[in-house]
Amino acid sequence: MTPDEHAARAAELTDEAERLYQVCLVDYHTNINEDDHSEEPYVPGADLAMLTATTQLAQVHATLALRHPPAEPGTDSQR
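What this report covers is the structure whose coordinates are included nearby.

So, how was this worked out
Residues numbered from 1 in each chain as written. Predicted model: local features only at pLDDT ≥ 70, side-chain atom pairs only at ≥ 80, totals over all residues. Heavy atoms only, no water. Core = buried A, V, L, I, M, F, W, Y, C linked by side-chain atoms within 4.5 Å. Buried < 20%, exposed > 50% of the residue type's maximum accessible area, 1.4 Å probe, protein only. Helix = DSSP H or I, 4+ residues; strand = E, 2+ residues; numbered from the N terminus. Contact = heavy atoms within 4.5 Å. Expected span 1.5 Å × (residues − 1). Axes fitted to C-alpha atoms, helices over the stretch in contact; angles between N-to-C directions. Parallel < 35°, antiparallel > 145°, perpendicular 65-115°, else oblique. Left-handed = near helix turned anticlockwise from the far one by under 90°. Nonpolar A, V, L, I, M, F, W, Y, C, P; charged D, E, K, R; others polar. Lys, Arg positive; Asp, Glu negative; His and termini not counted. Salt bridge = Lys/Arg side-chain N within 4 Å of Asp/Glu carboxyl O.

**Points about the nonpolar core**
Then comes step 1: Counting residues in hydrophobic clusters, the biggest one holds five residues: Ala17, Leu20, Cys24, Val43 and Leu51.
Then comes step 2: Here this core gets three residues from one element, more than from any other, and that element is helix H1 (residues 3–30).
Then comes step 3: Sequence-distant contacts of valine 43, defined by excluding residues within four places in its chain, comprise Cys24, Asp27, Tyr28 and Leu48.

**Describing helix H2 (residues 45–67)**
Then comes step 1: Helix length check: H2 (23 residues) gives 33 Å between terminal C-alpha atoms against 33 Å at 1.5 Å per residue, within 8%.
Then comes step 2: Buried residues belonging to H2 abut H1.

**Quick look at the packing of H1 against H2**
Then comes step 1: Put simply, H1 and H2 touch, their axes get as near as 8 Å, and they point 155° apart. Relative to H2, the element H1 is oriented roughly antiparallel. Between H1 and H2 lies a crossing whose hand is left-handed.
Then comes step 2: Across the contact of H1 with H2, the residue classes tally to 17 nonpolar, five polar and four charged.

**Examining the side chain of aspartate 27**
Then comes step 1: Structurally, aspartate 27 is set in helix H1.
Then comes step 2: For the buried aspartate 27, no salt bridge is present, and the opposite-charge side chain at shortest range is arginine 19, 9.8 Å distant.
Then comes step 3: The contacts of aspartate 27, once residues within four sequence positions are left out, are Tyr42, Val43, Pro44 and Asp47.

**Considering the pattern of salt bridges**
Then comes step 1: Here the structure, examined in full by the defined rule, presents two salt bridges.
Then comes step 2: Among the salt bridges present, the one from glutamate 12 reaches arginine 9, with a minimum N-O distance of 3.0 Å. Taken together, the residues glutamate 12 and arginine 9, both in helix H1 and three residues apart, mark about one turn of the helix.
Then comes step 3: Between arginine 19 and glutamate 16 there is a salt bridge whose closest N-O contact spans 2.7 Å. Residue arginine 19 and its partner glutamate 16 are located together in helix H1, separated by three residues, close to a single helical turn.
Then comes step 4: A residue is classified by how much of its surface remains accessible, and arginine 19, at 44% relative accessible area, is partly exposed.

Next up, the structure:
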C-alpha cells in the first residue's frame, strides 16, 4: 500500500472505531450484567475486542502512512 492508501485506511478504521466506541458506550450505560444480576454496567467482550482490534489496525495504518513520505510526482511509491 502507498502512504496515501494507508492514510485513507487509517481514516476508515478510525471512523469504525468511533462507531464501535459509541456502541460500547451505550451498552455500558444501559445494560445490566445478566450473569451476576448486578446493577453494574456491562459491555460484551466481543464488542470490546472489536473496538480494540479496530483501533490497533487504525494505529498501524496511521504509522505506516507516516513512515514513508509521499512520493514525488512521477515516481513509484509502492512498498
